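# Structural characterization, general
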Amino acid sequence: MTKKIGILVGSLRKDSYNKIIAKKFAELLPEGYEAAFIKIDDLPLYNEDLDVEGSIPSEWTRFRNEMKEVEGVYFFTPEYNRSVPAALKNALDVGSRPMGDSVWGGKPGLVVTASPGGPGGFGANHHLRQSLVFLDVPTLQQPEAYIGGVMNLIDNDGNVVDDTVKFFKMITDKYIEFFEKLVK
């Protein structure tokens, strides 16, 4: 049976480096795994007043249903002001509600941050992990995936350079080992 890994990308930009990297990670999933890119750019900001029968935005319902169908989740994000973009944080909030019906609990996670700067999104990576602890998303600890100077790792055609792909493959292999220990 195919295992589905949800992919959330925090950057909304059309030619986002994080989207390019996410696509490469999706290609590296082994046989028996399938990537599901889950849209977050259309989610209205979480407001508990809307989370009642008859008022729930259809985008929230779609997102929650799609997340319930995946067994693991990859998070790809840039760093905005030493944290994660608002769209990604909002997706975490929408998926965690209503109370007692979170879509996150127990799904093995992978956090990958990429940025033009040298630290590779270190602040965003750790802020996201802090939220994932609360949401009960066990997250791969090693290897850590901070991709600094990302614009130098993607060629003019939008392809990730070979040595970087080897690093991504190693991360993918470690995630699959981690996933297999947690999901029976």
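Residues numbered from 1 in each chain as written. Predicted model: local features only at pLDDT ≥ 70, side-chain atom pairs only at ≥ 80, totals over all residues. Heavy atoms only, no water.

By the naming in an unreviewed UniProt entry, the chain goes by NAD(P)H-dependent oxidoreductase and is assigned to Candidatus Enterococcus moelleringii.

What follows covers the nonpolar core. If you look at the biggest cluster of nonpolar residues, it comprises 29 residues, and the most contacted ones within it are Ile21, Phe25, Tyr74, Phe76, Leu110, Val112 and Tyr175. Taken together, the elements giving at least two residues each to this core come down to strand E1 (3-9), helix H1 (17-28), strand E3 (72-77), strand E4 (109-115), strand E5 (145-148) and helix H5 (162-182). When residues in this core are grouped by element, the largest group, 7 residues, is from H5. Formed by 25 residues, the second largest nonpolar core is a distinct cluster that contains Leu8, Ala87, Leu88 and Ala91. (Core = buried A, V, L, I, M, F, W, Y, C linked by side-chain atoms within 4.5 Å. Buried < 20%, exposed > 50% of the residue type's maximum accessible area, 1.4 Å probe, protein only. Helix = DSSP H or I, 4+ residues; strand = E, 2+ residues; numbered from the N terminus.)

What follows concerns the packing of helix H3 (residues 86-95) against helix H4 (residues 122-134). At their nearest, the axes of H3 and H4 sit 11 Å apart, and the two run at 5° to each other. Compared by their axis directions, H3 and H4 come out roughly parallel. Facing Leu88, Lys89 and Leu92 of H3, the residues of H4 in contact are Leu128, Ser131 and Leu132. (Axes fitted to C-alpha atoms, helices over the stretch in contact; angles between N-to-C directions. Parallel < 35°, antiparallel > 145°, perpendicular 65-115°, else oblique. Contact = heavy atoms within 4.5 Å.)

Before going further, it helps to examine the sheet that holds E5. Sheet architecture is open: 5 strands sit in the order E2-E1-E3-E4-E5, paired in parallel fashion. Sheet topology places strand E2 (33-37) and E5 at the edges, where each strand pairs with a single neighbour. Averaged over all adjacent pairs, the angle separating strand axes in this sheet is 20°, with direction ignored. Alignment of E3 against E4, held across 5 bridges, turns out to be parallel. (Pairing = 2+ DSSP bridges.)

Another aspect to go through is the side chain of Thr172. Along the chain, the position of Thr172 falls in helix H5. Residues within four places of Thr172 in sequence aside, it is in contact with Phe25, Leu28, Leu29, Pro30 and Tyr74.

Time to look at the UniProt feature "domain: NADPH-dependent FMN reductase-like" (unreviewed entry) in the chain. Mapped onto this numbering, the UniProt entry gives "domain: NADPH-dependent FMN reductase-like" (unreviewed entry) at residues 4-148. The annotated region residues 4-148 carries 32% helix and 19% strand content, and the separation between its end C-alpha atoms amounts to 28 Å. (UniProt positions renumbered as here; feature names shortened; annotations may be inferred.)

Let us look at unusual backbone geometry. In the segment running from Arg97 into Pro98, the intervening peptide bond is cis, with an omega of -5°. Position of Pro98 relative to the elements: it lies in the loop between H3 and E4. The amide bond that connects Gln142 to the next residue, Pro143, takes the cis arrangement and shows omega of 0°. Tracing the backbone through its elements, the reader meets Pro143 in the loop between H4 and E5. Even without being a glycine, Arg82 presents a positive backbone phi close to 70°. Looking at where Arg82 falls in the secondary structure, it is placed in the loop between E3 and H3.

Below, the discussion takes up the pairing of E4. Counting buried positions along E4 yields 7 of 7 residues, so the element is predominantly enclosed. Here E4 shows no split at all, with Gly109, Val111, Thr113 and Ser115 on one side and Leu110, Val112 and Ala114 on the other all buried. For the crossover from E3 across H3 to E4, the handedness is right-handed. Where E4 and E5 come together, 4 bridges link them in parallel fashion. Across the sheet, residue Val112 finds its bridge partner in E5, namely Ala145. For the handedness criterion, the β-α-β arrangement of E4, H4 and E5 is classed as right-handed. (Right-handed = clockwise from strand over helix to strand, strands pointing away.)

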